Amino acid sequence: QVQLVESGGRLVQAGGSLRLSCAASGRTFSRLTMGWFRQAPGKEREFVVALTSGGTTVYADSVKGRFTISGDNAKNTLYLQMNSLKPEDTAVYYCAANALGPVRAGNAYNYWGQGTQVTVSS
């Protein structure tokens, strides 16, 4: 079992930055493929970024160059640094773990956090 707890979401102005955290427990997250997804009101959940157990990063085109995924093995914590935020980045952001299939597919992940709200005002 893996427990995931996200934090760091808040209201921010367009052009600003935020760092989301995902604290993992139960297993060493560096051995898992981890991902961030988001879901805006009335929209489908969408892939944001993944960090594979081998250290490869995969970004959605919509966030490439603005968002960065990283991990702290000592803290067993995954991060999402978000820069140059846009109103269209407004969503609940979810951390997911242990992808056993394509990293862009939400149903490939076994474990999910409860989400953290990010709101970007224009």
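Further up the page is the structure itself.
First, a word on what this report is: a plain description of the structure on this page. If you're wondering where the values come from, they're calculated on a predicted model, not measured in any experiment.

1. Here's the deal with unusual backbone geometry
At step 1: One non-glycine residue, asparagine 76, adopts positive backbone phi at about 55°.
At step 2: Judged by its relative accessible area of 13%, asparagine 76 is buried.
At step 3: The phi torsion at serine 84 lies on the positive side, around 50°, for a residue other than glycine.
At step 4: Considering the arrangement of structural elements, one finds serine 84 in the loop between strand S8 (77–82) and strand S9 (91–97).

2. Structural notes on the environment of glycine 16
At step 1: One can find glycine 16 in the loop between strand S2 (11–13) and strand S3 (18–25).
At step 2: C-alpha separation for the pair glycine 16 and leucine 100, spaced 84 residues apart in sequence, amounts to 34 Å.
At step 3: Excluding residues within four positions of it along the chain, glycine 16 makes contact with Met82, Asn83, Ser84 and Leu85.

Definitions and cut-offs
- Residues numbered from 1 in each chain as written.
- Predicted model: local features only at pLDDT ≥ 70, side-chain atom pairs only at ≥ 80, totals over all residues.
- Heavy atoms only, no water.
- Buried < 20%, exposed > 50% of the residue type's maximum accessible area, 1.4 Å probe, protein only.
- Helix = DSSP H or I, 4+ residues; strand = E, 2+ residues; numbered from the N terminus.
- Contact = heavy atoms within 4.5 Å.

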